[in-house]
Amino acid sequence: MEIQKTTGIVLSSVTLGEADKIARIYTKEYGKRNFIFKGIKKSKRRPITVAEPGTISKLVYYFHEDKDIYLVNEFQIFKQYFAIRNNFKKIVVLYFLLETAEKTSAYNDPNRSIFDLIVAGIDNLVKTEYLEHFSVFFILHILRLNGILPDLNICKMCHRHDYDEFAIDLTDFYPICRNCSNSMKNNKMLFHMRIKEYIDLVLLQKYVSINHSLFPVEDILNLLFYLILFIESYFHVEIKSKNFILQKHY
């Protein structure tokens, strides 16, 4: 057993017994790990918010290679997002992005870029009013950082670059131009090229640099729906919070 230190952001947490909390945390140095905060619910000195989703803390804990839950000895809360907790819609999006990060990452598989994406994502969530656009932005970068976002500039079937509308193959998220999609008679939803333009902007620019108002919410929600379906199929998971994100749309 050894003492380790790390900085991490809480993805999810559950109560254990009357006083303990178990938190799944994405750490900067070690990736996703489980931690237990003993007696935190009854402590008068240690804030229980350390185990709330979205909280970023510095942790000191006991590490044992044969364990899958590590006991936290000390902690220091680095950042909490009270502005989000006062906005129900942003709470829903926060839980959605944290659940997506949790279910697309493996244990003990560190990726500093994903850690930075989660932290920067929450910072942007505090400021933005384009919640659907933000959700798409976050998922596209999760896919990119996991190395599974395909080349969206070429039709999967005919390899054309100059198509104006396209469908999406949910097996690999490759685009299929309108002509090829019609010939397959699969009745897939067709996306206009403005969605492709938005994806290009997302992958090339910072979130705050994009004029999201140019891209209709309806189109963005359709893209978000397909992105979630692809993630669930690829990773064999269920994104439960999607029901709250999409409930007014589908």
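Data block above holds the structure.
The model shown is predicted, which means the values in this text are computed figures rather than measured ones.

### Examining the side chain of K90
Next, step 1: Checked against the element boundaries, K90 lands in helix α2 (residues 88–103).
Next, step 2: A polar contact is formed between the side chain of K90 and the backbone oxygen of L125, at a distance of 3.1 Å.
Next, step 3: If near-sequence neighbours (up to four positions away) are discounted, K90 is found in contact with I84, L125, V126, K127, T128, E129 and L131.

### Digging into the sheet that holds strand β4 (residues 56–63)
Next, step 1: An order of β1-β2-β3-β5-β4 is seen for the five strands of this closed barrel, with the pairing classed as mixed. For this sheet the average axis-to-axis angle between neighbouring strands, irrespective of direction, equals 50°.
Next, step 2: Relative to strand β1 (residues 2–16), α2 is tilted by about 120°, and along the sheet it contacts β1, β2 (20–27) and β3 (31–37).
Next, step 3: Across the sheet, helix α3 (residues 112–127) lies against β1, β2, β4 and β5 (69–79), angled at about 50° from β1, the strand it touches most.

### A short note on the nonpolar core
Next, step 1: Core analysis: the biggest nonpolar cluster contains 61 residues, and I118, I122, F173, L223 and L224 have the highest contact counts within it.
Next, step 2: Discounting chain neighbours no more than four positions away, the residues touching L223 are V136, I168, F173, F191, I195 and I199.
Next, step 3: By size, the runner-up hydrophobic cluster in this structure holds 14 residues, among which are I40, V50, Y61 and F63.

### Brief notes about the pattern of salt bridges
Any two side chains of opposite charge can pair if their charged atoms end up close together.
Next, step 1: This model, assessed by the stated rule, comprises 16 salt bridges.
Next, step 2: For D162, the salt bridge goes to R160, with nearest N and O atoms at 2.9 Å.
Next, step 3: Judged by relative accessible area, which is 58%, D162 ranks as exposed.
Next, step 4: By relative accessible area, R160 is classed as partly exposed at 31%.
Next, step 5: Between D200 and K196 there is a salt bridge, with its nearest N and O atoms 2.4 Å apart. Of the two residues, D200 and K196 are both situated in helix α6 (residues 193–204); the distance of four residues between them amounts to about one turn of the helix.
Next, step 6: Given a relative accessible area of 29%, D200 falls into the partly exposed group.

### Observations regarding the packing of helix α4 (residues 131–145) against α6
Next, step 1: Relative orientation of the contacting elements α4 and α6 amounts to 65°, with a least axis distance of 10 Å. Classified by the interaxial angle, the pair formed by α4 and α6 is roughly perpendicular. Considering the relative orientation of α4 and α6, their crossing is right-handed. On α6, the residues that touch H133, V136, F137, L140, H141 and R144 of α4 are Y198, I199, V202 and L203.

### Describing the sheet that holds strand β6 (residues 165–168)
Next, step 1: Across the sheet, which stays open at both edges, the three strands sit in the order β7-β6-β8 with antiparallel pairing between neighbours. Because the sheet does not close on itself, it has two edges, and the strands there are β7 (175–177) and β8 (191–192).
Next, step 2: Relative to β8, β6 is paired through two bridges, and the arrangement is antiparallel. In the strand pairing of β8, E165 is matched with H192.

Conventions we followed
Once a new chain begins, its residue numbering starts again from 1 and follows that chain's sequence as written. With pLDDT at 70 or above as the cut-off, local features in this predicted model cover only qualifying residues; side-chain atom pairs require 80 or more to be listed or tallied, and sums for whole chains, interfaces and linings still use all residues. Only hydrogens and water are set aside when side-chain values are computed; all heavy atoms of the structure are taken into account. Segments assigned H or I by DSSP are reported as helices when at least four residues long, segments assigned E as strands when at least two residues long, and all are numbered from the N terminus. In protein, a polar contact means a hydrogen-donor-capable atom and an acceptor-capable atom, both N or O and within 3.5 Å, with residues adjacent in sequence counting only if both atoms are side-chain atoms; elsewhere, any N or O pair within 3.5 Å suffices. Residues count as neighbours in contact if any of their non-hydrogen atoms are within 4.5 Å of one another. In this description, strands pair whenever DSSP reports at least two bridges between them. For helices, the fitted line uses only the C-alpha atoms of the stretch in contact; every axis is such a line through C-alpha atoms, and the angle between N-to-C directions lies from 0 to 180 degrees. What we call a nonpolar core is a set of buried Ala, Val, Leu, Ile, Met, Phe, Trp, Tyr and Cys residues that are connected through their side-chain atoms within 4.5 Å. Each residue is placed in one exposure class: buried if its accessible area under a 1.4 Å probe, protein chains only, is under 20% of its type's maximum, exposed if it is over 50%, and partly exposed if it falls in between. Within this document, salt bridges are pairs made up of a side-chain nitrogen of Lys or Arg and a carboxyl oxygen of Asp or Glu, the two lying within 4 Å of each other. When describing relative orientation, an angle under 35 degrees is termed roughly parallel and one over 145 degrees roughly antiparallel, while 65 to 115 degrees is termed roughly perpendicular and anything else oblique. Two helices crossing with the near one rotated counterclockwise from the far one by less than a right angle form a left-handed crossing, whereas a clockwise rotation gives a right-handed crossing.

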